[in-house]
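Observations on the model geometry
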Amino acid sequence: MKGATILLIEDERQIRRFVRSALEKEGLRVSEAETRREGLVEAGRCQPELVILDLGLPDGDGAGFVDDFRAWSAAPVLVLSARSTDYDKIGVLDAGADDYLTKPFSIGELLARVRALLRRGRARPGAEAARVSFGDVEVDFSLRQVLRRGEAVRLTPLEYRLLAVLVANAGKVMTHRQLLHEVWGQATGDNSHYLRIYVGHLRHKLEDDPAQPRHFLTETGVGYRFQL
Amino acid sequence: MLSSILLSEDPLSPPWRRYGLAVLGCGAVAAVLWPFSSQLDLPNTVMCFLLAVVVVAVRAGRGPAVLASVLSVALFDFLFVPPRFSFEVSHAPHVFTFVVMLAVSLIVGQLTAGLRAQARDAARRERVARGLYGLARELAGAMGVEQVDESVARFLLEQWNAPCCLLLPTADERLQAVGRRGGAAPVVDAGLLQQARDAQRPLALLADDGSGCHRHVLPLVGTTRNRGVLVVALPGDDGIGPLLEALSALVSTAVERLHFVEVAQAAQLEAVSERLRSSILSALSHDVRTPLTALYGLADSLMVGPPPLPDEARDVAGAIRDQALRVNGMVGNLLDMARLQTGPVSLRKEWQPVEEVVGASLKLLGGALEGHPVRVLGLAALPLLEFDAVLIERVFCNLLENAAKYSPPGAPIILSADAGPSMVELRVSSGGGGFPPDKLQKVFELFERGQAETAVVGMGIGLAICRAIIEVHGGTIRAFNPPEGGGCVAFCLPRGTPPPVEPEALPADGEGA
């Protein structure tokens, strides 16, 4: 992770200051931009391995930046959002951003997200492990087998597909829309309750306490995050 | 010339004038013919009298025509048929002449008067139809109910000299007259108005002022509901039923159109003000949170180091960080309360399991619940509910945080649920002293705190937000102290009709996962 270049697009100087110092202490290189336009130019110049993008930029919405950036780079994008009810972030995540942090955030949270995203970025492309284990669950994708405490867990085809999509995007926020699209093949609003029901099934089959999940996490109003 | 005579008369002149005309007509014919009686043949004289009957029939109608017929025969006999000045008949065939003359004049008179009446009727109908057409055009362009009222009143005055009164329901369903026209407006008892509205059928009542006027109460039947009542005072009620129906249909259409225009405008205005409100609040939120984020992050970076700070400085940095977080929480609460209190909130309702939101709230609170074991009972069995997940998460966070704050360390927090026939009740209970019994209602009011003198920090806004959120979801919330001790807040959400869910079959053994 050391030496990776991170582009920080944020218009508030004091926030840039502490984010930069925290990242540099981790041995990362940081370049800064204050506006969306400047950010795009800077991204083209420094080829970042991760972009941290503030949603309250003076010159326009984050979704536009992600659209433009995604046209030529697959590097992960971490969004900083002003509040939990800020629905703009759903648009940015749908557009291809990978994760978000709600302000105010602690340095610990920030670094955890950054590390996870850099790891994901490095692991690409397409090198998903055939075997994944989390908690007391083991999934072997080559055998289509799910074991919990050594015993086979029976999943329906849709549950299995949902599990596969979530695991493949571990650590990343998946919006409802993205999951519906990947698992059901469409992003219709009519079926969104199915997604919630199936995530509930997975929790009941694979989590110790379905009401306090540790792996299949809810990002309220946004979607889900699978955490190893 | 004839047509000008036929059309110049007033069909509504008083009876004495019309019968007078009959007498006068016959008298005049007799007077004119008298000097020439020696030169004129009797048949010519008869013809002249018949002409008089026709003219009377045209100008004065059926009754005077009958009178004219009888008078003509009498005058003819008395003045022109020998022996003169006597009703005696010297020549037997003259009797036949009189009978035929009477019959012919009666028939001609009746036919003429009938045709005339029909022509008059047609002309009146045409005039009314034209008036209705003009009214329809005016109503189609009316910009407000006052204009509708004015057009209708003018139409009725012009057509029948009939005063009217348009009554429309107010917001609380009381009927209120549109516009003020002084004493001219007909008055009808409110109970009768309501009766006509409920029956959706016109009523005709005889006015009790002895004028012989009828009060026609016409309910305005809209496509979805009654739109009000039109009261018309008319001298008679013969034959204008269909016209009044047409009139009330026109007025209801106009009133309904105006109503929907108003609804659409209100919705648009509401959407605009909601957009404005939420953009002001998000700008405010962004502007307040930006320095708080910097404050929080900078204090945190001091704590994290390196270089490691001396213990005391580290404590100070930690305190700054925690206070920043607290201010952030308060700002969040205040902004949410502002959003909920300043007008209708657009909810992002979706069907989802409650268990999921509870899980998210517990994770969000994390450290705040430290030392309080949380037990979740009966949530998995609940049906899907339709709610805004972000807001309901807020409710759970506030309730759980309160439960942790006001109960002794180590006391468990219990989250339980029950599904009733139409509502689902969710409860958060905790140990401790519970709510002061006299404040069970008041704790949901803004800036009201259960225990005012305690050292526990807070503003008394959390439960007020909970109540506002539950109420916009169509639910209720209450606080009570259960008999087993501690305090409990319970809220209900409506069950509604969840979307259908088709269960998916498990694959056969040995096939896939």
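Above this text is the structure in question.
Residues numbered from 1 in each chain as written. Chains lettered and ligands numbered in written order. Predicted model: local features only at pLDDT ≥ 70, side-chain atom pairs only at ≥ 80, totals over all residues. Heavy atoms only, no water.

With that settled, the discussion passes to the packing of helix 5 (residues 92-140) of chain B against helix 8 (residues 241-304) of chain B. Residues and elements named next belong to chain B. Following both chains from N to C, one finds helix 5 and helix 8 inclined at 10°, their axes separated by 10 Å at the closest point. In terms of axis orientation, helix 5 runs roughly parallel to helix 8. Together, Val 128, Leu 132, Leu 135, Ala 136, Leu 139 and Ala 140 of helix 5 and Leu 243, Ala 246, Leu 247, Leu 250, Val 251, Ala 254 and Arg 257 of helix 8 make up the contact between the two elements. (Axes fitted to C-alpha atoms, helices over the stretch in contact; angles between N-to-C directions. Helix = DSSP H or I, 4+ residues; strand = E, 2+ residues; numbered from the N terminus. Parallel < 35°, antiparallel > 145°, perpendicular 65-115°, else oblique. Contact = heavy atoms within 4.5 Å.)

The next thing to look at is the interface of chain A and chain B. Contact with chain A, which involves 47 residues of that partner, is made by 50 residues of chain B. The junction of chain A with chain B conceals about 4,200 Å² of combined surface from both sides, 60% of it contributed by carbon and sulfur atoms. For the pair chain A and chain B, the interface holds two salt bridges. The salt bridge partner of B:Glu356 is A:Arg203, with a shortest N-O separation of 3.6 Å. On the surface where chain A and chain B come into contact, there are seven residue pairs in polar contact (both at pLDDT 80 or more). Every element with two or more residues in the side of chain A that touches chain B is listed here: helix 1 (13-25), helix 5 (107-123), strand 8 (145-148), helix 6 (157-168), helix 8 (192-206) and strand 11 (216-219) of chain A. (Buried area = accessible area lost by both parts, 1.4 Å probe. Salt bridge = Lys/Arg side-chain N within 4 Å of Asp/Glu carboxyl O. Polar contact = N/O pair within 3.5 Å; in protein donor to acceptor, adjacent residues only side chain to side chain.)

Together, B:Tyr19, B:Val23 and B:Leu67 make up a nonpolar patch on the protein surface, roughly 230 Å² of accessible area in all. Following the sequence through the fold, B:Leu67 ends up in helix 4 (residues 62-80). (Patch = residues over 30% accessible without salt bridge, like charges linked within 9 Å, V, L, I, M, F, W, Y side chains within 5 Å. Areas by Shrake-Rupley, 256 points an atom, 1.4 Å probe, with all protein chains shown as cover.)

Next up on the list: the side chain of B:Gln352. One can find B:Gln352 in strand 6 (residues 349-352). Classification of B:Gln352 by relative accessible area gives buried; the value is 3%. A polar contact of 3.4 Å, which involves the side chain of B:Gln352, links it to the side chain of A:Arg196. Setting aside chain neighbours within four positions, we find B:Gln352 in contact with A:Arg196, B:Leu384, B:Leu385, B:Phe387 and B:Ala389. (Buried < 20%, exposed > 50% of the residue type's maximum accessible area, 1.4 Å probe, protein only.)

A word on the environment of B:Leu156. Residue and element names in this part refer to chain B. You can see Leu 156 is positioned in helix 6 (residues 145-160). Sequence separation of Leu 156 and Val 128 is 28 residues, and the distance between their C-alpha atoms is 9.7 Å. Once residues within four sequence positions are removed from consideration, Leu 156 is found in contact with Asn 161, Ala 162, Cys 164, Val 232 and Leu 247.

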